Amino acid sequence: CICRAGCRVSSAAVVPVASGCGHEGRVMSATNTAFKLAWRNLWRNYRRTLIMLAAVSVGVWAMIFMTAMMRGMTDQVIANSLNLLPGEVQIHHVDYRRDPSVANRLPMPTGALLVALSAPPIEAWAARVRVPAVVASERGSRGVVLLGIDPTAEAALESLPETIVEGRFLNGSDDRGVVIGASLARRLETDLGKRIVLMSQDPANNVADRGARIVGIYTARLQGSEDQFIYAGRTATQEMLKIGESVTEIAATAHDYRLLGAWYTQLVDVAGPDAEVLPWPQLDTFTGSMLEVQDGFALVFMVVVFLALSFGLVNTMVMAVFERVREIGLMQALGMRPGLIVVQLLAESVYLLLIGLLLGNALAWLTIKPLESGIDISSVAQGMEMMAIGSTLYPALALQDMLLSTMVVLGLGLLAGLLPAWRATRLDPIAALASHR
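A short tour of the structure in this document, coming up. Everything numeric in this text was worked out from a predicted model, so none of it was measured.

### So, unusual backbone geometry
Okay, so step 1: Across the junction of Pro-120 and Pro-121, the peptide omega takes the value 10°, indicating a cis bond.
Okay, so step 2: With respect to the helices and strands, the residue Pro-121 is situated in the loop between α3 (111-118) and β2 (124-136).
Okay, so step 3: One non-glycine residue with positive phi stands out, namely Glu-158, at about 60°.
Okay, so step 4: Positionally, Glu-158 belongs in the loop between α4 (151-157) and β4 (163-167).
Okay, so step 5: The exposed category is assigned to Glu-158, whose relative accessible area is 54%.
Okay, so step 6: One non-glycine residue, Asn-205, lies in the positive phi region at around 65°.
Okay, so step 7: Within the secondary structure, Asn-205 is located in the loop between β6 (195-201) and β7 (207-219).

### Some remarks on the packing of aromatic side chains
Okay, so step 1: For the structure shown, the criterion picks out six aromatic pairs.
Okay, so step 2: Between Phe-35 and Tyr-351 the ring centres are 6.5 Å apart and the planes differ by 75°, which places this aromatic pair in the edge-to-face class. Separated by 316 residues along the polypeptide, Phe-35 in helix α1 (residues 23-42) and Tyr-351 in helix α12 (residues 338-368) bring together distant segments of the chain.
Okay, so step 3: On the basis of relative accessibility, which here comes to 33%, the residue Phe-35 falls in the partly exposed class.
Okay, so step 4: In this structure Tyr-351 comes out as partly exposed when scored by relative accessible area, which is 23%.
Okay, so step 5: Ring centres of Trp-61 and Phe-65 lie 5.1 Å apart, and the angle between their planes is 25°; on these two criteria the pair is classed as stacked. One end of the pair is Trp-61 and the other is Phe-65, both in helix α2 (residues 46-84) and four residues apart, which spans about a single turn.
Okay, so step 6: Owing to a relative accessible area of 27%, Trp-61 belongs among the partly exposed residues under this scheme.
Okay, so step 7: Following the ring pairs from residue to residue traces out a cluster consisting of Phe-35, Trp-39, Trp-43 and Tyr-351.

### A look at a nonpolar patch on the surface
Okay, so step 1: There is a patch of nonpolar side chains on the surface, built from Trp-39, Trp-43, Tyr-46 and Leu-50 and spanning about 400 Å² of accessible area.
Okay, so step 2: When you line up the elements, Tyr-46 lands in helix α2.
Okay, so step 3: Here Tyr-46 falls in the partly exposed class, since its relative accessible area comes to 41%.

### Focus on the packing of α12 against helix α14 (residues 399-425)
Okay, so step 1: Across the interface, α12 lies against α14 with an axial gap of 8 Å and an inter-helix angle of 150°. Classed by the angle they form, the pair α12 and α14 counts as roughly antiparallel. Relative to α14, α12 is oriented so that their crossing is right-handed.
Okay, so step 2: Of the residues contributing to the contact of α12 with α14, the split by class is 17 nonpolar, seven polar and no charged.

### Focus: α14
Okay, so step 1: Its 27 residues place the ends of α14 39 Å apart at the C-alpha level, agreeing with the 39 Å of an ideal helix rising 1.5 Å per residue.
Okay, so step 2: At Leu-418, α14 is bent by approximately 30°, the largest bend along its length, and proline Pro-420 sits one to four residues beyond.

### Examining the side chain of Thr-67
Okay, so step 1: Relative to the elements of secondary structure, Thr-67 occurs in helix α2.
Okay, so step 2: Within the local environment of Thr-67, its side chain forms a polar contact with the backbone oxygen of Met-63, the two atoms lying 2.6 Å apart.
Okay, so step 3: The residues touching Thr-67, leaving out its near neighbours within four places in the chain, are Gln-294, Ala-298, Phe-301, Met-302 and Asp-401.

### Regarding the environment of Asp-269
Okay, so step 1: With respect to the helices and strands, the residue Asp-269 is situated in helix α8 (residues 261-270).
Okay, so step 2: In this structure, the C-alpha to C-alpha distance between Asp-269 and Ala-112, residues 157 residues apart in sequence, is 9.4 Å.

### Structural notes on the pairing of strand β10 (residues 275-279)
Okay, so step 1: In terms of burial, β10 is largely enclosed, as four of its five residues are buried.
Okay, so step 2: Bridge count between strand β1 (residues 89-93) and β10: five bridges; the pairing is antiparallel. For Val-89, the partnering residue across the bridge sits in β10 and is Pro-279.

### A few points about the pattern of salt bridges
Okay, so step 1: Applying the stated criterion across every chain yields a total of 10 salt bridges.
Okay, so step 2: The partner of Lys-194 in a salt bridge is Glu-138, and the shortest N-O contact between them spans 3.7 Å. Here Glu-138 lies in the loop between β2 and β3 (141-149) and Lys-194 lies in the loop between α5 (182-188) and β6, a separation of 56 residues in the sequence.
Okay, so step 3: Sharing partners across several salt bridges, the network here consists of Arg-128, Arg-130, Glu-154 and Glu-249.

### Let's talk about the environment of Gln-282
Okay, so step 1: Along the polypeptide, Gln-282 turns up in helix α9 (residues 280-283).
Okay, so step 2: Not counting the four nearest positions on each side in its chain, Gln-282 is found in contact with Arg-97 and Tyr-264.

### Some words on the pairing of strand β5 (residues 178-181)
Okay, so step 1: Here β5 shows no split at all, with Val-178 and Ile-180 on one side and Val-179 and Gly-181 on the other all buried.
Okay, so step 2: The pairing of β5 with β7 spans four bridges and is parallel. The partner of Val-178 across the bridge, within β7, is Ile-214.
Okay, so step 3: Across two bridges, β5 lies against strand β8 (residues 229-233) in antiparallel orientation. Note that in β8 the partner of Val-179 across the bridge is Tyr-231.

Quick notes on the rules
- Along each chain, the written sequence defines residue order, and numbers are assigned to residues from 1.
- Only residues with pLDDT of 70 or above have their local features reported here, since the model is predicted, and side-chain atom pairs are shown and tallied only from 80 upward, although totals for entire chains, interfaces and linings are computed over all residues.
- Side-chain measures here rest on the full set of heavy atoms in the structure, leaving out hydrogens and waters.
- Numbering goes from the N terminus for both helices and strands, where a helix is a DSSP run of H or I of at least four residues and a strand is a run of E of at least two.
- Throughout, exposure labels follow a simple rule: accessible area from a 1.4 Å probe, protein chains only, divided by the maximum for the residue type, with under 20% read as buried, over 50% as exposed, and the rest as partly exposed.
- Each aromatic pair joins two rings of Phe, Tyr and Trp (for Trp, the six-membered one) with centres within 6.5 Å, and gets the label stacked for planes under 30 degrees apart, edge-to-face for over 60, and tilted for any other angle.
- Patch membership requires more than 30% relative accessible area and the absence of a salt bridge. Residues of like charge join within 9 Å; the nonpolar side chains Val, Leu, Ile, Met, Phe, Trp and Tyr join within 5 Å.
- All accessible-area figures derive from a Shrake-Rupley calculation using a 1.4 Å probe, and residue coverage is judged against the displayed protein chains alone.
- A side-chain nitrogen of Lys or Arg and a carboxyl oxygen of Asp or Glu constitute a salt bridge if their distance falls within 4 Å.
- To obtain each axis, a line is fitted to C-alpha atoms, and for helices this fit is confined to the stretch in contact; angles are then taken between N-to-C directions over 0 to 180 degrees.
- For classification, angles of less than 35 degrees are called roughly parallel, those exceeding 145 degrees roughly antiparallel, those between 65 and 115 degrees roughly perpendicular, and all remaining angles oblique.
- In this scheme the crossing of two helices becomes right-handed for a clockwise turn of the near helix relative to the far one and left-handed for an anticlockwise turn of less than a right angle.
- We call Asp, Glu, Lys and Arg charged. Ala, Val, Leu, Ile, Met, Phe, Trp, Tyr, Cys and Pro are nonpolar, and the rest, Gly among them, are polar.
- One less than the residue count of a helix, multiplied by 1.5 Å, gives the span that helix is expected to have.
- Two axes are fitted around each residue, one to the seven residues ending there and one to the seven starting there, and the angle between them is reported as the bend at that residue.
- In the analysis that follows, any N or O atom pair within 3.5 Å is treated as a polar contact, provided that within protein one partner can donate a hydrogen and the other can accept it, and provided that, for residues neighboring in sequence, both atoms belong to side chains.
- Should any heavy atoms of two residues lie within 4.5 Å, those residues are considered in contact.
- Whether two strands pair comes down to DSSP finding at least two bridges between them.

Structure (structure tokens):
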């Protein structure tokens with residue numbers, strides 16, 4: 001049929017209209033017919049379709065599952081790193097990172113800084129004394145990091161040790177006892193209730209020391225944390241170092257390390273010229289870079305997986321064209337435009353991909369959700385500790401990963417379907433009708 005606009009469509013795909021040529025209605029009807037034919041043709045060879053659906057579904061599941069595992073590893077590395085330097089934003093003296101001594105200290109927050117630290121979205125903040133120190137027992141000595149803390153503020157910051165296996169934690173900032181890691185206790189050959197000596201430097205670079213009794217022993221996900229950190233009361237540590245009420249570090253958190261947002265810049269504005277305000281990606285550049293490459297790596301992984309699957313998709317669509325050469329020639333002879341043939345073949349690809357995506361996403365959700373409570377990897381925990389990962393891995397299923405896999409599959413799938421669709425439009429109708437396929 002040829003309308004006044006010069007549009008040629010199959011007579012079988014035309015629906016009569018009430019008046020006029022109805023060019024737009026004819027085109028729409030022809031397109032709808034092409035989609036119906038695509039759905040029916042998809043199931044003409046149902047075995048091949050089912051095999052391809054299985055391949056796409058497993059591929060989508062593999063993309064999402066592996067991305068969830070990688071995201072869980074990245075999240076755990078960042079969480080463990082934030083436990084080593086608690087808080088999403090830290091405030092120090094401008095020279096503290098170069099020389100982490102009590103000579104480079106800050107006063108307790110007051111005025112505008114205190115107001116900013118107490119305002120949403122900041123949920124908790126803590127001021128602490130953090131200095132290098134030496135701890136000595138009757139049998140040995142080790143270099144450590146001495147943390148003079150207020151236990152109440154640190155609990156809100158979620159920076160306290162995970163488990164106290166012996167004794168108790170500090171009762172307050174004026175507690176005279178100390179809490180050490182289980183690994184450090186073994187190395188010093190000391191135990192709960194015994195006395196140790198803490199040594200550091202005061203602002204005049206003189207040795208400052210005091211004896212303290214071990215009131216608690218803690219364990220952490222990473223053995224390195226147990227060897228590194230000793231917890232003491234902030235007031236007792238300030239007295240030992242002769243620094244009054246000064247501190248060396250102020251940490252703040254909104255309990256979402258991905259979204260520092262405007263509150264970070266607000267702290268920068270009110271911290272003062274002698275203070276340096278840094279977000280955690282700058283405090284730990286290695287961990288920060290991991291988060292930056294996470295999404296890019298996930299995209300590359302998905303593209304590589306689907307590129308392998310695309311060969312199967314192209315093969316399926318090419319075989320569909322070869323099997324229907326005579327049929328395609330007949331449609332051309334009846335007036336179907338090449339554009340509608342492309343639409344029909346691409347529609348078959350889209351149907352195949354959408355069903356595969358639905359099955360793959362459902363399979364990923366069903367397999368990842370039960371694992372979010374944790375996967376025991378204690379058999380390789382010592383090696384994983386080098387990557388700051390504990391003995392339990394927590395996969396993280398993110399909606400953005402599922403959307404990303406959907407876009408990758410549909411985008412590359414349509415590109416893969418263009419070749420056989422274009423080939424179908426290049427068939428000569430007379431030669432195609434003479435074909436026995």
